[in-house]
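# Fold and contact review
Here is how the chains run, residue by residue.
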Amino acid sequence: MINPIFEKIAEQILSQSIAIKDDVLDSCVLDALAQEALTEYSQGEFKDAKIGKGIAKQRISEVRGDKVFWLNKVDASARLKTYWNWVEGLQDYLSEYFRIYLERTELHFAVYPIGAFYSPHVDQFRDQGNRVFSLILYLNKDWKPADGGQLRVYNDDGTFYDIQPIHGRVVCFRSDQILHEVLEANKPRISLTGWMRRDAFTL
Ligand code: OGA
Ligand code: MN
């Protein structure tokens, strides 16, 4: 059976390289995921996020100030598995739709403390190509424009538009095509971020 949400996401990616979809999960799942991120965060499980090659010489804090907690499906909570299964359904759908092999989706929670941002970047350098699609689920209840933390997406001509990181919103885009940044957050900002990849996991 065709999942109409997956179909909409695929069509938006095909036409504009990026898709935005709201309310893909029950609000009780969203609330539990936000709570889970905050619990791990308060227990000190989050680490400074890293940056890829090319910008490695810059001080990381000048590029991105978020903290991340990588997840694995085996140990995942029931709520997280619910989301992970949804993500894998989307992965299979996109794989077939775009006729591109996708091996797995990696996921991490990210928290942007007050004042944190992530400078303009693409998620995948073209010469490696392992990350194919980026997928972000926002977990910020009652988020207002004044809270900052918007995802700013640049068009090819340098113009841009902003996406609010509101509770239950999913954004999915081609990892090698979309130049984007996260504007400074004026309130702690939580997301569950992933990449659909072509390569297998190695230690
Ligand atoms: C990233 C990223 C955007 C967001 O983690 O690479 O760009 O809105 N995140 O959280
Ligand atoms: Mn990014």
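Given the structure is predicted, the values throughout are model-derived calculations rather than measurements.

### Considering the overall build of the protein chain
- Along its length, the protein chain carries four helices and 11 strands.
- Taken against the 2.2 N^0.38 rule, which gives 17 Å for 203 residues, the C-alpha radius of gyration of the protein chain at 16 Å falls within 12% of a compact globule.
- Projected onto its principal axes, the C-alpha coordinates of the protein chain cover approximately 40 × 40 × 40 Å.
- For the protein chain, buried positions account for 49% of its 203 residues.
- For the protein chain, long-range pairs separated by at least 24 residues make up 79% of all intrachain contacts whose partners lie at least 6 apart in sequence.
- Carbon and sulfur atoms form 52% of the exposed surface of the protein chain, whose accessible area is close to 10,600 Å².

### Section: the site of ligand 1
- Around ligand 1 sit R64, Y118, H121, D123, I136, Y138, L151, H180, V182, R189 and W195, and those are all the residues in its vicinity.
- Side-chain polar atom of D123 to an oxygen atom of ligand 1: 3.1 Å apart, as the coordinates give it.
- Within the contact set of ligand 1, an oxygen atom lies 2.7 Å away from a side-chain nitrogen or oxygen of R189.
- Protein chains bury 98% of the 290 Å² of accessible surface belonging to ligand 1 in isolation.
- Listed by contribution, the elements that provide at least two residues to the shell around ligand 1 are β5 (118-121), β6 (131-138), β10 (179-182) and β11 (189-197).
- In terms of residue class, the shell around ligand 1 is made up of six nonpolar, two polar and three charged.

### Describing the pattern of salt bridges
- Taken as a whole, this structure holds 12 salt bridges when the rule is applied.
- Salt-bridge contacts for K67 lead to D48; the nearest nitrogen and oxygen are separated by 2.3 Å. Of this pair, K67 sits in strand β3 (residues 67-70) while D48 sits in strand β2 (residues 47-48), placing them 19 residues apart in sequence.
- You can call D48 exposed: its relative accessible area is 53%.
- Between D162 and R152 there is a salt bridge, with its nearest N and O atoms 2.8 Å apart. On the criterion of sequence distance, the pair formed by D162 in strand β8 (residues 160-163) and R152 in strand β7 (residues 151-154) is long-range, its members being 10 residues apart.
- Judged by relative accessible area, which is 17%, R152 ranks as buried.

### Thoughts on the coordination of the manganese ion (ligand 2)
- The protein atoms that coordinate the manganese ion (ligand 2) are H121 (NE2), D123 (OD) and H180 (NE2), at distances of 2.1 Å.
- A residue is classified by how much of its surface remains accessible, and D123, at 15% relative accessible area, is buried.

Reading the values: rules and limits
Numbering of residues starts from 1 in every chain and runs along the sequence as written. Chain letters and ligand numbers both follow the written order, the letters beginning at A and the numbers at 1. With pLDDT at 70 or above as the cut-off, local features in this predicted model cover only qualifying residues; side-chain atom pairs require 80 or more to be listed or tallied, and sums for whole chains, interfaces and linings still use all residues. As a rule here, side-chain values come from all non-hydrogen atoms in the structure, and water together with hydrogens is ignored. Secondary structure follows DSSP: runs of H or I at least 4 residues long count as helices, runs of E at least 2 residues long count as strands, and numbering of each begins at the N terminus. The quantity called the radius of gyration is restricted to C-alpha atoms. Its globule counterpart is 2.2 Å times the number of residues to the power 0.38. Each residue's exposure class comes from its accessible area (1.4 Å probe, protein chains only) as a fraction of the maximum for that residue type: buried when under 20%, exposed when over 50%, partly exposed otherwise. Note on contacts: a residue pair is in contact if any heavy atoms of the two residues lie within 4.5 Å. The protein chains shown are the only cover counted for residues, whose accessible areas, like all others here, come from Shrake-Rupley with a 1.4 Å probe. Throughout, the term near means that a residue has one or more heavy atoms lying within 4 Å of the molecule or strand in question. Throughout this description, a polar contact denotes any pair of N or O atoms lying within 3.5 Å of each other; where both atoms belong to protein, one of them has to be capable of donating a hydrogen while the other can accept it, and for residues adjacent in sequence the pair is counted only when both atoms sit in side chains. Charged residues are taken to be Asp, Glu, Lys and Arg, nonpolar residues to be Ala, Val, Leu, Ile, Met, Phe, Trp, Tyr, Cys and Pro, and polar residues to be all remaining types, Gly included. For this analysis, a salt bridge means a side-chain nitrogen from Lys or Arg found within 4 Å of a carboxyl oxygen belonging to Asp or Glu. Counted as coordinating are nitrogen, oxygen and sulfur atoms within 2.8 Å of the metal, or 3.2 Å for Na, K and Ca, while water is not included, which may make sites look incomplete.

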